[in-house]
Amino acid sequence: GLERLCQVRKAISLPIVAIGGIDIENAPAVIDAGATAIAVISAVVGAAEVQDEARKLAERIEKN
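Throughout, a residue's number is its position along its own chain's written sequence, starting from 1. This being a predicted model, a pLDDT of at least 70 is required before a residue's local features are given, and a value of 80 or more before pairs of side-chain atoms are given or counted; all residues contribute to the totals for chains, interfaces and linings. Side-chain numbers here rest on the full set of heavy atoms in the structure, without hydrogens or water.

S.K.: Tell me about the pattern of salt bridges, residues and numbers included.
M.R.: A carboxyl oxygen of Asp or Glu within 4 Å of a side-chain nitrogen of Lys or Arg is what we treat as a salt bridge. A full pass over the atoms with the stated rule returns three salt bridges. For D52, the salt bridge identified is with R55, shortest N-O distance 3.4 Å. Here the residue D52 and the residue R55 both occupy positions in helix 4 (residues 50-63), the gap between them amounting to three residues, near one helical turn. Classification of residues uses two cut-offs on accessible area relative to the type maximum, computed with a 1.4 Å probe and protein chains only: under 20% is buried, over 50% is exposed, and between them is partly exposed. Since its relative accessible area comes to 40%, R55 is described here as partly exposed. It is possible to trace a salt-bridge network through shared partners that takes in D52, R55 and E59. Only DSSP runs of H or I with at least four residues qualify as helices, and only runs of E with at least two residues qualify as strands; both kinds are numbered from the N terminus onward.

S.K.: Outline the nonpolar core, supporting the account with residue identities and numerical values.
M.R.: Grouped together as the largest cluster of nonpolar side chains are ten residues: L5, I16, A18, I22, A27, V30, A33, A35, V44 and L57. Here this core gets three residues from one element, more than from any other, and that element is helix 2 (residues 27-33). Other than its neighbours up to four places away in sequence, V44 contacts V50, E53, A54 and L57. In plain words, nonpolar cores are sets of buried Ala, Val, Leu, Ile, Met, Phe, Trp, Tyr and Cys residues tied together by side-chain atoms within 4.5 Å. The contact rule is simple, with two residues in contact once any of their heavy atoms fall within 4.5 Å.

Keep in mind these numbers describe shape, not what the thing actually does.
As structure tokens, this is what we get:
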């Protein structure tokens, strides 16, 4: 969860890639919690328009 991610970020300086359960709604919080990057699969691949969903996700993260 996000609390654990915060704890890990405080403990290490290595890059952290978060994966699992990440979607357009919670991606900014995952980055804010300390992830260097995110891996998003089902939220994008499961969308009707994969490219549009990937673009929306990237825009959401950039706004954050």
